[in-house]
Amino acid sequence: MPERSDLKADCASCFGLCCVALPFSRSADFAVDKDAGEPCRNLLADFRCGIHADLRERGFPGCTVFDCFGAGQKVSRETFSGTDWRGDPDVARRMFAVFPVMRQLHELLWYLDQAAAMPSSGSIRDELRRASDEVDRLTEGGPAEVAEVDVRAVRERVNGLLSRAGELARAGVPGRRKNRRGADLVGARLKGADLRGADLRGAYLIAADLRGADLRVADLTGADLRDADLRGADLTGCLFLTQAQLDSARGDAATRLPAALARPAHW
């Protein structure tokens, strides 16, 4: 099943919402503090980033790993029918409230799309598609309707299905499969580890040493891979691994990737 194009960010069709609506704090990811609703100092009049080609060098690596899953253009062109936030404080206020909600809904749609495409999901594919249709309908509401969506409740319902899809896929991996769901593995020494079919949903793998690790068919839903060392690791067939997760990690030419993901330019 081909990936939905509407779940891919199209920055040229967005009013720079991630650069305005969301806050960030001065850290290793961002060079400055910025409040929600405050335009980033690098945002140009045409909604492009003035330092896009040099974000990492200028202290903004956090921007390079953000993915709105197509929510930016959805809010800009459909929810608000092409009306941008500049010049009307009321539009700005409502648009900035809608964008974070839409982003989470689009993320769930991406996961559901991935789960439904798995050959192992046959027994729950109809449930996955019904869930996807329900979330899709939520994204089609007006600004007030979208802003009022109970995202936590929607996420809880969807996560149950995604977890089942992951279990079905991992069941095909022979041998004992490790369960490290939500584990604190910050800086862990996992060089060469056999993590085939492991459950790493929500695991903290920040700066973990995963050089040469076997992560085939591991469930990496929501795992924090910032600065994880994936040089030489095998990520073939990883479940629910996003491009943003990959972009936040370190790797090299020997890192084996899922077919749908691109090798980050900074590796």
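In this text, all values refer to a predicted model and were calculated from it rather than measured experimentally.

Each value, and the rule that gives it
- Residues numbered from 1 in each chain as written.
- Predicted model: local features only at pLDDT ≥ 70, side-chain atom pairs only at ≥ 80, totals over all residues.
- Heavy atoms only, no water.
- Helix = DSSP H or I, 4+ residues; strand = E, 2+ residues; numbered from the N terminus.
- Buried < 20%, exposed > 50% of the residue type's maximum accessible area, 1.4 Å probe, protein only.
- Polar contact = N/O pair within 3.5 Å; in protein donor to acceptor, adjacent residues only side chain to side chain.
- Contact = heavy atoms within 4.5 Å.
- Axes fitted to C-alpha atoms, helices over the stretch in contact; angles between N-to-C directions.
- Parallel < 35°, antiparallel > 145°, perpendicular 65-115°, else oblique.
- Left-handed = near helix turned anticlockwise from the far one by under 90°.
- Nonpolar A, V, L, I, M, F, W, Y, C, P; charged D, E, K, R; others polar.
- Expected span 1.5 Å × (residues − 1).
- Phe/Tyr/Trp six-rings, centres within 6.5 Å; stacked < 30°, edge-to-face > 60°.
- Salt bridge = Lys/Arg side-chain N within 4 Å of Asp/Glu carboxyl O.

Some details on the side chain of Thr255
Counting through the fold element by element, Thr255 comes out in the segment after α7 (243-248). Taking relative accessible area as the criterion, Thr255 reaches 1% and is therefore assigned buried. From its side chain, Thr255 meets the backbone oxygen of Leu230 in a polar contact 2.7 Å long. Once residues within four sequence positions are removed from consideration, Thr255 is found in contact with Leu230, Arg231, Gly232, Ala233, Leu235, Arg263 and Trp267.

Considerations on the packing of helix α2 (residues 71-79) against helix α3 (residues 89-117)
In the contact formed by α2 and α3, the axes pass within 8 Å of each other and the chain directions differ by 130°. Considering their axes alone, α2 and α3 lie oblique with respect to each other. Considering only the axes of α2 and α3, their crossing is right-handed. Here Ala71, Gly72, Lys74, Val75 and Thr79 of α2 come into contact with α3, specifically with Met95, Val98, Phe99, Met102, Arg103 and His106. Among the residues making up the contact of α2 with α3, the classes are represented as six nonpolar, three polar and two charged.

Notes on α3
Its 29 residues place the ends of α3 42 Å apart at the C-alpha level, agreeing with the 42 Å of an ideal helix rising 1.5 Å per residue. Two to three positions downstream of the cap, the backbone nitrogen of Asp90 sits 3.0 Å from a side-chain oxygen, assigning the N-cap of α3 to Asp88.

Some thoughts on the packing of aromatic side chains
Taken as a whole and judged by the stated rule, the model has eight aromatic pairs. Ring centres of Phe15 and Phe47 lie 5.2 Å apart, and the angle between their planes is 55°; on these two criteria the pair is classed as tilted. Taken as a pair, Phe15 in the segment before α1 (61-64) and Phe47 in the segment before α1 lie far apart in primary sequence, 32 residues in all. Assigned by exposure class, Phe15 and Phe47 land together as buried. Considering the side-chain rings of Phe69 and Trp110, the 5.8 Å spacing of their centres and the 50° angle between planes classify their relative orientation as tilted. One end of the pair, Phe69, is in the loop between α1 and α2; the other, Trp110, is in helix α3, and 41 residues separate them in sequence. Residue Phe69 is classed as buried on the basis of its relative accessible area, which comes to 3%.

A word on the pattern of salt bridges
According to the stated counting rule, one finds 23 salt bridges in the structure shown. With a shortest N-O distance of 3.9 Å, Arg170 and Asp199 are connected by a salt bridge. With a gap of 29 residues between them, Arg170 in helix α6 (residues 151-170) and Asp199 in the loop between α6 and α7 connect regions that are remote in the sequence. Residue classification places Arg170 among the buried positions, given a relative accessible area of 10%. The salt bridge involving Arg196 is made with Asp194; its shortest N-O contact spans 2.9 Å. On the basis of relative accessible area, Arg196 is assigned to the partly exposed category, the value being 32%.

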